[in-house]
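# Working through the structure, step by step
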Amino acid sequence: MKSFSEGFKIGIPIGLGYFAVAFSLGIIAANAGLTPFQGFLTSALVNASAGENAAFIAIRENVPYLQMALISVVSNIRYVLMSFALSQKIDPRAKMIHRFLLGFYLTDEYFALAIQQEPYCDPFYSYGAITFAAPCWALGTALGIVMGNILPHRIVSALSVALFGMFLAIFIPPVKTSKPIAILVALSFLSSFLLSRFTSLSESTITIILTVAISSFGALVFPTRERSRDD
Amino acid sequence: MTRNIYVYIAVMALSVFAIRVLPLTLVRQPIKNRFIRDFLYYVPYVTLSVMTFPAIIDATDSPIAGAIALLLGSYAAYKEAGLFKVTVVCCLTVLILEVFL
């Protein structure tokens, strides 16, 4: 059980970061009308910052259920890629339950932990990290919903940008090394701004349309050279 | 019509579970199609960018505070400050600026 306790230790800083971001997500969930229990349930079942943000906005906008399915797929589609990559990192002899659990808890951070092990990842190392960090995520969301109404307005306003800080930490660093990504990020900012200001499209619809359009544009105009499968 | 939040949560949870688990359990070969691979490669950066702007300037009381948090947060991320520090930079920027704005 050494690997479980090592994973648990790695899970502590991950969990603290999750807690702060989940709190900010809770403020968005409260605006969409979710109760603390509903926020807790969502975060316990979904474990996805961008995906939950998109979904809470969709709930606030009272979109049809089919559109909720669509926004969930689009805002989380990066996990398809990670899931493919991770599938190569699980010992083919490992029990199926490990594939289900590691898939259920597939986030950017847990993915990074699993993918760096050779030749196969140890599921129990991941379970250790998840044991600490996943409750932080779910409780942080519930607390954000409760406290969002109690804390001084100024603090809530400041905390509401935590989620965007997490997004920036993910998509800005590759801008340095990849010109296509830099161009696509700039294009995304510009078109997202224009659509939100000059059309009546909802935020979740804008996210779907632009993700599909700009990523397709990128794939056509900036085809990547062969690269390792896990980047 | 008003829709049920628990149904929303169920739809979301099932969709996300399918996305994460199906490739891991059913498909165990590399993706061959070049366009799909490149499309999937660019998706995370595009989705996160679209969701960040202009939402960050609408999230704060003062749009200017949100815009400056975006600039300073981007700078910190560019310098590889890491998830936690970038988040703190953004929050502190808004907290301090909104005292004056």
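In this text, all values refer to a predicted model and were calculated from it rather than measured experimentally.

On to the overall build of chain A. Helix and strand counts for chain A come out as 13 helices and 0 strands. N-terminal to C-terminal, the α/β element order of chain A is α-α-α-α-α-α-α-α-α-α-α-α-α. Dimensions of chain A, computed from the C-alpha atoms along their principal axes, are close to 55 × 50 × 35 Å. Classification of the 231 residues of chain A by burial places 57% in the buried group. A separation threshold of at least 6 residues defines the contact pool for chain A, and within that pool the share at least 24 residues apart is 80%. For chain A, the exposed surface amounts to about 9700 Å²; the carbon and sulfur share of it is 71%.

All names here are of chain A. Scanning the model with the defined rule gives 4 salt bridges over all chains in all. The salt bridge partner of R60 is E203, with a shortest N-O separation of 3.6 Å. Placement of R60 in helix α3 (residues 49–60) and of E203 in helix α13 (residues 203–221) is noted, with a sequence separation of 143 residues between them. Among the residues examined, R60 registers a relative accessible area of 42% and is labelled partly exposed. Judged by its relative accessible area of 34%, E203 is partly exposed.

A few words on the interface of chain B and chain A. Between chain B and chain A, the residue contacts involve 70 residues of the former and 100 residues of the latter. A buried area of about 8100 Å², summed over both sides, lies between chain B and chain A, and 72% of it is on carbon and sulfur atoms. The largest share of the area that chain B buries against chain A comes from R20, L24 and Y42 of chain B, three residues that together contribute 10% of it. Where chain B meets chain A, there are 2 salt bridges. A salt bridge links E80 of chain B to K176 of chain A; its shortest N-O distance comes to 3.3 Å. One can count 22 residue pairs in polar contact (both at pLDDT 80 or more) joining chain B with chain A. Mapped onto the side of chain B that touches chain A, the elements with two or more residues apiece are α1 (5–25), α2 (34–52), α3 (55–59), α4 (63–78) and α5 (83–100) of chain B. Examining the composition of the side of chain B that touches chain A, we find that 18 residues originate from one element, α2 of chain B, more than from any other. Tallied by class, the residues present in the side of chain B that touches chain A amount to 47 nonpolar, 13 polar and 10 charged.

Residue and element names in this part refer to chain A. Relative to the helices and strands, S43 resides in helix α2 (residues 36–46). Exposure remark for S43: the relative accessible area of 0% places this residue in the buried category. Sequence-distant contacts of S43, defined by excluding residues within four places in its chain, comprise E52, W137, A138 and T141.

Let us look at the environment of E6 of chain A. Among the secondary structure elements, E6 of chain A is positioned in helix α1 (residues 2–31). For the pair E6 of chain A and G140 of chain A, spaced 134 residues apart in the sequence, the C-alpha separation amounts to 23 Å.

The next point concerns the side chain of S3 of chain A. If you trace the backbone, S3 of chain A turns up in helix α1. Apart from the residues within four sequence positions on either side, S3 of chain A is in contact with D122, F124 and Y125 of chain A.

Let us look at α1 of chain B. Residues and elements named next belong to chain B. Helix length check: α1 (21 residues) gives 29 Å between terminal C-alpha atoms against 30 Å at 1.5 Å per residue, within 8%. Along its length, α1 reaches its greatest deviation from straightness, about 25°, at A18. The N-capping residue of α1, defined by a side-chain oxygen 2.7 Å from the backbone nitrogen of Y6, is N4.

Two aromatic rings are characterised by how far apart their centres lie and by the angle between their planes. Residue and element names in this part refer to chain A. Applying the stated criterion to the full structure yields 17 aromatic pairs over all chains. When the ring of Y18 is compared with that of Y110, the centres are 5.9 Å apart and the planes differ by 75°; the resulting orientation is edge-to-face. Residue Y18 is found in helix α1, and its partner Y110 is found in helix α7 (residues 108–115); the two are separated by 92 residues along the sequence. With respect to burial, Y18 and Y110 carry one shared label: buried.

Once that is clear, we can look at the packing of helix α4 (residues 65–75) of chain A against α13 of chain A. Residue and element names in this part refer to chain A. One way to put it is that α4 packs onto α13 with a least axis distance of 10 Å and a crossing angle of 50°. In terms of orientation, α4 lies oblique with respect to α13. Crossing angle aside, the handedness with which α4 passes α13 is left-handed. The residues of α13 that touch α4, namely those facing Q67, L70, I71 and V74, are S204, T205, T207, I208 and T211. Looking at the contact of α4 with α13 residue by residue, the class counts come to 4 nonpolar, 5 polar and no charged.

Quick look at the confidence of the model for chain B now. Mean pLDDT over chain B stands at 89; residues scoring 70 or higher make up 94%. Ranking the elements of chain B by mean pLDDT puts α2 of chain B last, at 87, and α4 of chain B first, at 97.

Once that is clear, we can look at empty space enclosed by the protein. Residues and elements named next belong to chain A. Tallied over the entire structure, the rule returns 3 cavities of 30 Å³ or more. Looking at the second largest cavity, the residues that line it are Y18, N47, A48, S49, R78, Y79, T107, D108, E109, W137 and M166. The set of elements that each furnish at least two residues to the lining of the second largest cavity consists of α5 (78–87) and α7. Partitioned by chemical class, the residues of the lining of the second largest cavity number 5 nonpolar, 3 polar and 3 charged.

Scoring rules and cut-offs
Residues take numbers from 1 onward in each chain, read along the sequence in its written order. Each chain gets a letter, beginning with A, and each ligand a number, beginning with 1, in the order they are written. In keeping with the predicted nature of the model, local features appear solely for residues at pLDDT of at least 70, side-chain atom pairs appear and are counted solely at 80 or more, and the whole-chain, interface and lining totals rest on all residues. To obtain the side-chain values, all non-hydrogen atoms of the structure were included, while hydrogens and water were left out. Strands are runs of DSSP state E lasting at least 2 residues, helices are runs of H or I lasting at least 4, and numbering of each runs from the N terminus. Buried means the residue's accessible area, taken with a 1.4 Å probe over protein chains only, is under 20% of the maximum for its type, while exposed means over 50%, and partly exposed covers the values in between. For this analysis, residues touch if any pair of their heavy atoms sits within 4.5 Å. Computed with a 1.4 Å probe, the accessible areas rest on the Shrake-Rupley method; for each residue, only the protein chains presented here act as cover. Note on definitions: salt bridges are taken to be side-chain nitrogens of Lys or Arg within 4 Å of carboxyl oxygens of Asp or Glu. Two parts placed together each lose some accessible area; with a 1.4 Å probe, that loss summed over both constitutes the buried area. Whenever a nitrogen or oxygen atom comes within 3.5 Å of another N or O atom, the pair is scored as a polar contact, on the condition that within protein one atom can donate a hydrogen and the other can accept it, and that pairs from neighbouring residues in sequence are kept only if both atoms are in side chains. The residue classification treats Ala, Val, Leu, Ile, Met, Phe, Trp, Tyr, Cys and Pro as nonpolar and Asp, Glu, Lys and Arg as charged. All others, Gly included, are polar. One less than the number of residues in a helix, times 1.5 Å, gives the span that helix is expected to have. Throughout, bend refers to the angle between the axes fitted to the seven residues that end at a position and the seven residues that start at it. Each Phe, Tyr or Trp ring, with Trp reduced to its six-membered ring, pairs with another whose centre is within 6.5 Å; inter-plane angles below 30 degrees give stacked pairs, above 60 give edge-to-face pairs, and intermediate values give tilted ones. Axes here mean lines fitted to C-alpha atoms, for a helix over just the part in contact, with angles spanning 0 to 180 degrees between N-to-C directions. Between 65 and 115 degrees an angle is taken as roughly perpendicular, under 35 as roughly parallel, over 145 as roughly antiparallel, and anywhere else as oblique. Two helices crossing with the near one rotated counterclockwise from the far one by less than a right angle form a left-handed crossing, whereas a clockwise rotation gives a right-handed crossing. A score between 0 and 100, pLDDT records how confident the predictor is in each residue. Detection works on a 1 Å grid of protein atoms alone, calling trapped sets that fit a 1.4 Å probe cavities and calling open sets with protein on both sides within 12 Å along at least five of seven lines pockets, with lining residues defined by an atom within 4 Å of a point. Grid points are joined across faces, edges and corners, and a volume is the space filled by probe spheres set on the points.

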